[in-house]
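Spelled out, the chains give:
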Amino acid sequence: MSADRLTVMDEELRSLADRLADEAGESAAYRRLLATEDDEELARVLVERERPLWAREIAAFRLGCSGDGRAFEALVLLLNHRDPERCVSAAHALVRLGDPRTPRAAAALATNTLRTAYALHPVRLLTALGAPESVPALMSTLRRLLAPDDPHWRVALACVEGLGQLGDQQARPLLDAALPHPRLGGAAREALSRLRERKA
């Protein structure tokens, strides 16, 4: 791997490699995918049949971090995976990739009512992107999670924090509605404070 690519990916790639080592059995194929500088080789992994998930994840992550759009679809699938660590790595690579389709894809995942349990990382990615799709998606997701007994309060909390960070005044009524929530109230107060500072 070149020095330039290591500078961009080193810490996150090391974390991914450590996480996948046991899953891959530290095989020769695993070591090869981590070491190769051939993007075509990595891209083939994404389309070849019967490749294990760990191989696809390494290939997608490395391609995404180097700005290769062929990683986009695989990374979006990983962003909505049941394994939170896979979601974190995918979100990191999607930010590096900078594909214009990413905000729309993340918004679709965040607002999918059938996948709310897996929406935390799409919500956080939307916050990081700060795209036009971000605030509407966070508001839509938060609106349906405001019941005090909703089990997906961590997703709701990420929405509240994201809306505060993004600083869009249209979120104020929804953040006001979150104030009485036992798990969201503190974050809602902080978010509203941020909105007031931006308006001042």
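Structure's up top.
Residues numbered from 1 in each chain as written. Predicted model: local features only at pLDDT ≥ 70, side-chain atom pairs only at ≥ 80, totals over all residues. Heavy atoms only, no water.

### Looking at the overall build of the protein chain
Per the secondary structure count, the protein chain includes 12 helices and zero strands. Taken along its principal axes, the extent of the C-alpha atoms in the protein chain is 55 × 35 × 25 Å. Here the protein chain holds 200 residues, and 49% of them are scored as buried. Summarising the internal contacts of the protein chain: among those between residues at least 6 apart in sequence, 63% fall at separations of at least 24. In the structure as shown, the protein chain presents an accessible area of about 10200 Å², 50% of it carried by carbon and sulfur atoms. For the protein chain, the separation between the mean place of its 28 positive charges and that of its 29 negative charges on side chains is 5 Å. (Helix = DSSP H or I, 4+ residues; strand = E, 2+ residues; numbered from the N terminus. Buried < 20%, exposed > 50% of the residue type's maximum accessible area, 1.4 Å probe, protein only. Contact = heavy atoms within 4.5 Å. Areas by Shrake-Rupley, 256 points an atom, 1.4 Å probe, with all protein chains shown as cover. Lys, Arg positive; Asp, Glu negative; His and termini not counted. Charge placed at Lys NZ, Arg CZ, Asp CG, Glu CD.)

### A look at the nonpolar core
Judged by nonpolar contacts, the single largest core of 68 residues is most densely connected at Tyr 30, Leu 142 and Val 160. With nine residues, helix α10 (residues 153–166) is the largest single contributor of residues to this core. (Core = buried A, V, L, I, M, F, W, Y, C linked by side-chain atoms within 4.5 Å.)

### Comments concerning the pattern of salt bridges
Summed over the entire model, instances satisfying the criterion amount to nine salt bridges. Notably, a salt bridge pairs Arg 70 with Glu 40, separated by 3.0 Å at the nearest N-O pair. In this pair, Arg 70 is assigned in the loop between α4 (53–65) and α5 (72–79) and Glu 40 in helix α3 (residues 39–47), connecting sequence segments 30 residues apart. The exposure class assigned to Arg 70 is partly exposed, which follows from its relative accessible area of 40%. A salt bridge links Glu 57 to Arg 86; the nearest nitrogen and oxygen atoms lie 2.6 Å apart. Here Arg 86 lies in helix α6 (residues 84–97) and Glu 57 lies in helix α4, a separation of 29 residues in the sequence. Arg 86 gets classed as buried once you look at its relative accessible area, which sits at 5%. One salt-bridge network, held together by shared partners, links Arg 19, Glu 23, Glu 57, Asp 83 and Arg 86. (Salt bridge = Lys/Arg side-chain N within 4 Å of Asp/Glu carboxyl O.)

### A look at unusual backbone geometry
Phi is positive for Glu 26, which is not a glycine, with a value near 45°. By the element assignment, Glu 26 lies in the loop between α1 (3–24) and α2 (28–35). With a phi close to 65°, Glu 50 is a non-glycine residue in the positive phi region. You can see Glu 50 is positioned in the loop between α3 and α4.

Coordinates in, geometry out; function isn't part of it.
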